[in-house]
Amino acid sequence: SGGSSESRGALVVLEGLDRSGKTSQSSRLLSYLEGLGHSAELWRFLDRSTDVGQMISSYLSNKSQLDDHTIHLLFSANHWEKRSLMETKLKIGTTLIVNHYFYSGVAFSSAKGLGVEWCKALEVGLLAPDLVLYLDIQPEKATERGGYGDERYEQLEFQKKVSQCYQIVDACQPIEDIEKQLFVRRNVCIKNHIKPRSNLTIV
Ligand code: TMP
């Protein structure tokens, strides 16, 4: 079936606030793809299986304190340390369904007040997803779901800020406000040379 861009696996990312349903939907997507005979794997960030992942995990469960920049660097390192395996898998034809990726990295850290450009800069060079599915949920609704509140970031006020940082445009706003937001984002895309993706590309 055609060129290299067709034989590689797809990088599919599910994004959204905590408790937005990423895990449920990604495992359903995995079963669906496997049912069709595709080779696919379910991944998640953070990836707690590494030393870096363990450091982040202990920070999230309030067992350690870290400066905001430092935790951002660790999250970024966690994405980077999986990059080559990610590339290998995609090249041999495995589709990866990934829960959270650098979009969360930027959204969660900038919600704390770190500069968006600084946050993004560390993710440049990672593999670009073929598809990003954002599960939109009101932060208030998410708090009603089970297990909420166990970790440092799972607090309503913080999740509200994060949801704004994901930069989803509310299409019910006044037309000029929407245009203004789209204008900014479009220019960011043009500046970063975002183009259609066929072969594996990098951010
Ligand atoms: P998880 O428990 O769903 O794997 O996610 C861990 C938490 O870390 C979740 O609240 C989202 C957040 N996060 C970041 O702050 N930065 C990142 O780069 C990633 C991947 C997740």
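Residues numbered from 1 in each chain as written. Predicted model: local features only at pLDDT ≥ 70, side-chain atom pairs only at ≥ 80, totals over all residues.

**Student:** I keep staring at the overall build of the protein chain and nothing clicks. Help me out?
**Tutor:** Each helix and strand in the protein chain was counted, giving 10 helices and 4 strands. Taken from the N to the C terminus, the helices and strands of the protein chain come in the order α-β-α-β-α-α-α-β-α-α-β-α-α-α. The buried share of the protein chain, reckoned over its 203 residues, is 24%. Once local pairs closer than 6 in sequence are excluded, the contacts in the protein chain between residues at least 24 apart make up 76%. (Helix = DSSP H or I, 4+ residues; strand = E, 2+ residues; numbered from the N terminus. Buried ≥ 20, exposed ≤ 12 C-beta atoms within 10 Å, placed from the backbone. Contact = placed C-beta atoms within 7 Å.)

**Student:** What is the right way to read the site of the ligand from this model?
**Tutor:** Every residue close to the ligand is listed here: D18, R44, F45, L46, L60, F75, H100, S104, G105, F108 and Y153. A per-element tally of the shell around the ligand places helix α6 (residues 102–111) first, with 3 residues. Within the shell around the ligand, the residues separate by chemical class into 6 nonpolar, 3 polar and 2 charged. (Near = placed C-beta within 6 Å. Nonpolar A, V, L, I, M, F, W, Y, C, P; charged D, E, K, R; others polar.)

**Student:** Sorry if this is basic, but what is going on with the sheet that holds strand β4 (residues 131–135) here?
**Tutor:** Strands pair in a sheet through their backbones, by hydrogen bonds, and they do so in one of two ways: parallel or antiparallel. Spatially, β2-β3-β1-β4 is the arrangement adopted by the 4 strands of the open sheet, whose pairing is parallel. Of all the strands in the sheet, the pair left with one neighbour each is β2 (40–44) and β4. Neighbouring strand axes in the sheet, compared pairwise and without regard to direction, differ in orientation by 20 degrees on average. As paired strands, β2 and strand β3 (residues 95–99) are joined by 5 bridges and run parallel to one another. (Pairing = 2+ DSSP bridges. Axes fitted to C-alpha atoms, helices over the stretch in contact; angles between N-to-C directions.)

**Student:** It is not clear to me how the environment of I97 should be interpreted in this structure. Could you clarify?
**Tutor:** Note on placement: I97 falls in strand β3. Sequence separation of I97 and L30 is 67 residues, and the distance between their C-alpha atoms is 7.3 Å. If sequence neighbours within four positions are ignored, I97 has contacts with V12, L14, S26, L29, L30, A40, L42 and W43.

**Student:** Would you take a moment to explain the packing of helix α3 (residues 51–60) against helix α4 (residues 68–81) for this structure?
**Tutor:** A packed helix pair is summarised by two numbers, namely the angle formed by the two axes and the spacing between the axes. Running from amino to carboxyl end, α3 crosses α4 at an angle of 145 degrees, the nearest separation of the two axes being 9 Å. Handedness of the crossing formed by α3 with α4: left-handed. Mapping the contact onto sequence places V52, G53, M55, I56 and Y59 in α3 and I71, L74, F75, A77, N78 and E81 in α4. Tallied by class, the residues present in the contact of α3 with α4 amount to 8 nonpolar, 2 polar and 1 charged. (Left-handed = near helix turned anticlockwise from the far one by under 90°.)

**Student:** Can you walk me through the packing of α6 against helix α9 (residues 156–165) in this structure?
**Tutor:** Running from N to C, α6 and α9 cross one another at 125 degrees; their axes reach a closest spacing of 8 Å. Taken as axis vectors, α6 and α9 run oblique relative to one another. The interaxial crossing formed by α6 with α9 has right-handed handedness. Contact residues: α6 offers A107, F108, S110 and A111, while α9 offers F158, K161, V162 and C165. A per-class count over the contact of α6 with α9 returns 6 nonpolar, 1 polar and 1 charged. (Parallel < 35°, antiparallel > 145°, perpendicular 65-115°, else oblique.)

**Student:** Help me out: how do you make sense of the pairing of strand β1 (residues 11–16) in this one?
**Tutor:** Most of β1 sits out of view: 6 of its 6 residues are buried. Residues L11, V13 and E15 of β1 are buried on one face, and the alternating residues V12, L14 and G16, pointing to the opposite face, are buried as well. As paired strands, β1 and β3 are joined by 4 bridges and run parallel to one another. Along β3, the bridge assignment pairs L11 with L96. The sheet contact formed by β1 and β4 spans 5 bridges and is parallel. Note on β4: the bridge partner recorded for L14 is L133.

**Student:** Is there a simple way to think about unusual backbone geometry in this case?
**Tutor:** Working note: non-glycine residues mostly have negative phi, and peptide bonds are mostly trans. In this chain, F45 is followed by L46 through a cis amide linkage whose omega measures 10 degrees. Relative to the assigned elements, L46 resides in the loop between β2 and α3. With phi around 70 degrees, R19 is a residue other than glycine that occupies positive phi space. Among the structural elements, R19 can be located in the loop between β1 and α2 (22–35). Notably, N62 is not glycine yet its phi reads approximately 60 degrees, a positive angle. Relative to the helices and strands, N62 resides in the loop between α3 and α4. Residue classification places N62 among the exposed residues on the basis of 10 C-beta atoms within 10 Å.

Read these as layout, nothing more, since geometry by itself doesn't imply function.
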